[in-house]
Amino acid sequence: MIPFNKPYLSGKELHYISDGVLSGKISGNGKYTQLCQAFFKEKFGFKQSLLTSSCTDALEMAALLANVQPGDEVIMPSYTFVSTANAFVLRGAKIVFCDSRKDHPGMDEESIEELITTKTKAIVCVHYAGVACDMDKILAIAKKHKLFVVEDAAQAIDSYYKGRPLGRIGDFGAFSFHETKNIISGEGGMLTVNHPEFAKRAEIIWEKGTNRSAFWRGEVDKYGWVDVGSSFLPSEVVAAFLYAQLENMETIQSQRKAIWKNYWDGLQPLKEKGVQLPFIPEYATNNAHMFYLVCNNLEERTALIEHLKQQQINAVFHYLSLHKSPYYHTKHDGRGLPQSDRYEDCLVRLPFYYELNETNQNLIINSITDFYERPV
Ligand SMILES: *Cc1c(COP(=O)(O)O)cnc(C)c1O
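Residues numbered from 1 in each chain as written. Predicted model: local features only at pLDDT ≥ 70, side-chain atom pairs only at ≥ 80, totals over all residues. Heavy atoms only, no water.

**Topic: the layout of surface pockets**
Our working definition: Each cavity reported here is a set of points on a 1 Å grid over the protein atoms alone in which a 1.4 Å probe fits but cannot get out, each pocket an open set with protein on both sides within 12 Å along at least five of seven lines, and each lining residue one with an atom within 4 Å of a point. Grid points are joined across faces, edges and corners, and a volume is the space filled by probe spheres set on the points. Segments assigned H or I by DSSP are reported as helices when at least four residues long, segments assigned E as strands when at least two residues long, and all are numbered from the N terminus.
Each pocket or cavity is described by its volume, and for the largest pocket that value is around 400 Å³. Around the largest pocket, the lining comprises 24 residues; the ones closest to its centre are Phe81, Ala154, Ser176, Lys181 and Tyr319. Those elements that provide at least two residues to the lining of the largest pocket are α3 (55–65) and α4 (82–89). Counting residues per element, the lining of the largest pocket draws most heavily on α3, which supplies 3 residues.

**Section: the site of the ligand**
The condition is simple: The nearness test applies per residue and asks whether one of its heavy atoms lies within 4 Å of the molecule or strand. What qualifies as a polar contact is a pair of N or O atoms within 3.5 Å, subject to a donor-acceptor requirement within protein and to the restriction that residues adjacent in sequence count only when both atoms come from side chains. Each residue is assigned to one of three groups, with Ala, Val, Leu, Ile, Met, Phe, Trp, Tyr, Cys and Pro labelled nonpolar, Asp, Glu, Lys and Arg labelled charged, and all others, Gly among them, labelled polar.
For the ligand, the set of nearby residues contains 14 residues, the closest of which are Thr56, Asp152, Gln155, Ser176 and Lys181. Ser176 places a side-chain nitrogen or oxygen 2.7 Å from an oxygen atom of the ligand. Broken down by class, the residue content of the shell around the ligand amounts to 5 nonpolar, 7 polar and 2 charged.

**A look at helix α6 (residues 199–206)**
Basically, it comes down to this: Relative accessible area decides the class of each residue, using a 1.4 Å probe on protein chains only: under 20% of the type maximum gives buried, over 50% gives exposed, and in between gives partly exposed. Residue contacts are defined here by distance: any two heavy atoms, one from each residue, within 4.5 Å place the two residues in contact.
Every buried residue belonging to α6 is among Ala202, Glu203, Ile204, Ile205 and Trp206, and all of these are buried. Buried residues in α6 make contact with α2 (31–44), β1 (48–52), α3, β9 (189–193) and α7 (212–216). Two residues or fewer after α6 comes Lys208, characterised by a positive phi angle close to 65°.

**Observations concerning the side chain of Thr80**
Here Thr80 shows up in the loop between β2 (73–77) and α4. Polar side-chain contacts of Thr80 include one of 2.8 Å to the side chain of Thr84. The contact partners of Thr80, leaving out residues within four places of it in the chain, are Val126, Asp152, Tyr319 and Leu322.

**Here's the deal with the packing of aromatic side chains**
Rule in force here: Classification of ring pairs uses Phe, Tyr and Trp, with its six-membered ring standing for Trp, and accepts pairs whose centres are within 6.5 Å; under 30 degrees between planes counts as stacked, over 60 as edge-to-face, and the remaining range as tilted.
The tally for this structure, following the rule as stated, stands at 29 aromatic pairs. Relative to Tyr319, the ring of Tyr79 lies with its centre 5.2 Å away and its plane at 75°, an arrangement referred to as edge-to-face. Highlighted residues: Tyr79 in the loop between β2 and α4 and Tyr319 in the loop between α10 (298–310) and α11 (338–346), separated in sequence by 240 residues. Both residues of the pair, Tyr79 and Tyr319, belong to the buried class. Geometrically, the ring pair formed by Phe172 and Phe198 is edge-to-face, given 5.2 Å between the ring centres and 65° between the ring planes. With Phe172 in strand β8 (residues 172–176) and Phe198 in the loop between β9 and α6, this pair connects stretches of sequence that are 26 residues apart.

Limitation: the analysis is restricted to geometry and does not speak to function.
Shown next as structure tokens:
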């Protein structure tokens, strides 16, 4: 079976883990956490980055930092992972879901402004497949209405909008190092904080509501409970794994881009069959997080996934629209979101991982081509 995903080990993961463990400090915010954070500052210019146990945690930190209160409204796409919404629902917010674009599963920037009310507190944009949302449009709306912008950059490491790294554009950015992402640590994530006025509070929330970080730096002579917070930082074991991956980011990324381009070149003929291929706007880069196709309808997608399964290829669909979910549909305001529903029904993701070799990739491409050339 060709799997959908296979976690890639770049080589030094176990070495750094044993170095970290044997050094005697295994809990969080030690040498490897700091090495990772320094890497992000150097490579992407993130002013403050804080490793977390997951992107879910980073989003929860962003909701705390934005001071989201019960009754506040938060605008986000319906076509996203549950954590994008849960982080704000945990603070009592009402989620106002926005539809996806016709040419791309990301949020339709043109439909955001009509959703704003006096209760709106934040816009959460999700860079689907690592492809940037139109941030100038989103920032202009946020500025006009004094809203926070949170970037769910879970899929968007090493991707850019008009030359600016994603995660550095809104107020906060949340990344994931889950094993299905480009750069991994099993479970793992990171919050970026882009304005200095939030830096102190971010560190306190990260350190369980204490000023322990300031204490270690010698800025206060004892540390205590100064704010809300939680256990957001990962152990050094996770950070050591992540650091080995970061050191190999360029190799990982260039291999993934080559795989992406093979799919792109090999699957162009599907356009004539009405299949929608990935779209990269001119302001965005492609970080080769995933390769997806959008079929003509649900029946076609179901048949394609089944056809591939019979050839030992595991292709998978993606999100179920959150506005129709068992948990949220009674809380949603009833608006239909046709594009989100279309991606729910029609989008299929192809196997994508570092070690996917050319033979197997050609097998996948040929198998899809056969499917669309079969007599109906
Ligand atoms: C993967 C993902 C998440 C969750 O990341 P975790 O690290 O597993 O918590 C959130 N949002 C999006 C868009 C994702 O793709």
